[in-house]
Amino acid sequence: MSTLNPIILLVEDNADDEDLTCRVLAANARDHSMVVIRDGRDALDHIEQGARAADAGPAPDRLPRLVLLDLNLPRVNGFAVLQAMRQLEGWRRIPVVVLSTSHEPLDVERCYDLGCNSFVQKPVEFDRFREVVGLIGRYWLAVNTAAAGAEASS
């Protein structure tokens, strides 16, 4: 595998949430690079390209170490993106944290049924949002042991 820094994939259409998430993760996960995708159709294209690259062997564009996924995306919703990830061999073990404004228990259940690893309701308050995103980054990138095939390269 490549020796590039592990990648965090953020699928988020809200510019303010994107900016804050990127800033917090940059401060808490300095050795990681970010890829930001702003709509569900582009996310599906990215996932399919990543799966093809993984099938072809080691490639400079590696699969992410962590995916942060919003549900309310333009063109294709986050549920469809999550379902597509879990159907592709290379993406099955990559941790997916759903970050959503949804309060709906059915949305939470559906995300877990589709294979998310965590569902986090986006805090509205700025300092709490920053704290939560920092905790997510530290846990999934520094504390959690990744499954084979979802590991960061070093």
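Just above, that's the structure.
What you are looking at is a predicted structure, and each value in this text was computed from that prediction instead of being measured. (Residues numbered from 1 in each chain as written. Predicted model: local features only at pLDDT ≥ 70, side-chain atom pairs only at ≥ 80, totals over all residues. Heavy atoms only, no water.)

By the secondary structure assignment, R93 is in the loop between α3 (78-87) and β4 (96-100). Separated by 22 residues in sequence, R93 and G115 place their C-alpha atoms 9.5 Å apart. (Helix = DSSP H or I, 4+ residues; strand = E, 2+ residues; numbered from the N terminus.)

Glancing now at the pattern of salt bridges. Per the stated rule, a full pass over the model turns up 11 salt bridges. The closest approach of N and O atoms between K122 and D17, which form a salt bridge, is 3.0 Å. Of this pair, K122 sits in the loop between β5 (118-121) and α5 (126-143) while D17 sits in helix α1 (residues 15-28); the two residues are 105 residues apart in sequence, bridging distant segments of the chain. Neither K122 nor D17 differs from the other in exposure class; each is buried. Close ionic contact of D45 with R41 constitutes a salt bridge, the shortest N to O distance being 2.8 Å. Within this pair, D45 and its partner R41 are both found in helix α2 (residues 40-55), separated by four residues, close to a single helical turn. (Salt bridge = Lys/Arg side-chain N within 4 Å of Asp/Glu carboxyl O. Buried < 20%, exposed > 50% of the residue type's maximum accessible area, 1.4 Å probe, protein only.)

Enumeration over the complete set of coordinates arrives at zero disulfides. Here C116 is not disulfide-linked; the sulfur of C111 is the nearest cysteine sulfur, at 5.1 Å. (Disulfide = S-S within 2.5 Å.)

Summarising burial for α3: seven of the 10 residues are buried, a large majority. When α3 is considered as a whole, its buried residues turn out to be G78, F79, V81, L82, A84, M85 and R86. Between the side-chain oxygen of the N-cap and the backbone nitrogen of F79 there are 3.0 Å, and the N-cap of α3 in question is N77. (Polar contact = N/O pair within 3.5 Å; in protein donor to acceptor, adjacent residues only side chain to side chain.)

Let us now look at the packing of α3 against helix α4 (residues 105-114). Relative orientation of the contacting elements α3 and α4 amounts to 20°, with a least axis distance of 9 Å. One way to sum up the angle between α3 and α4 is to call them roughly parallel. Pair α3 / α4 crosses with right-handed handedness. Only D107, R110, C111 and L114 of α4 make contact with α3, whose side of the interface consists of F79, L82, Q83 and R86. Within the contact of α3 with α4, the residues separate by chemical class into four nonpolar, one polar and three charged. (Axes fitted to C-alpha atoms, helices over the stretch in contact; angles between N-to-C directions. Parallel < 35°, antiparallel > 145°, perpendicular 65-115°, else oblique. Left-handed = near helix turned anticlockwise from the far one by under 90°. Contact = heavy atoms within 4.5 Å. Nonpolar A, V, L, I, M, F, W, Y, C, P; charged D, E, K, R; others polar.)

Working definition: an aromatic ring pair is given by the centre-to-centre distance plus the angle between the planes. According to the stated counting rule, one finds one aromatic pair in the structure shown. Across the ring face of F79, the terminal group of R110 is positioned such that the distance to the ring centre comes to 4.0 Å. (Phe/Tyr/Trp six-rings, centres within 6.5 Å; stacked < 30°, edge-to-face > 60°. Lys NZ or Arg CZ within 6 Å of the ring centre and 35° of its normal.)

Geometry only, nothing functional implied.
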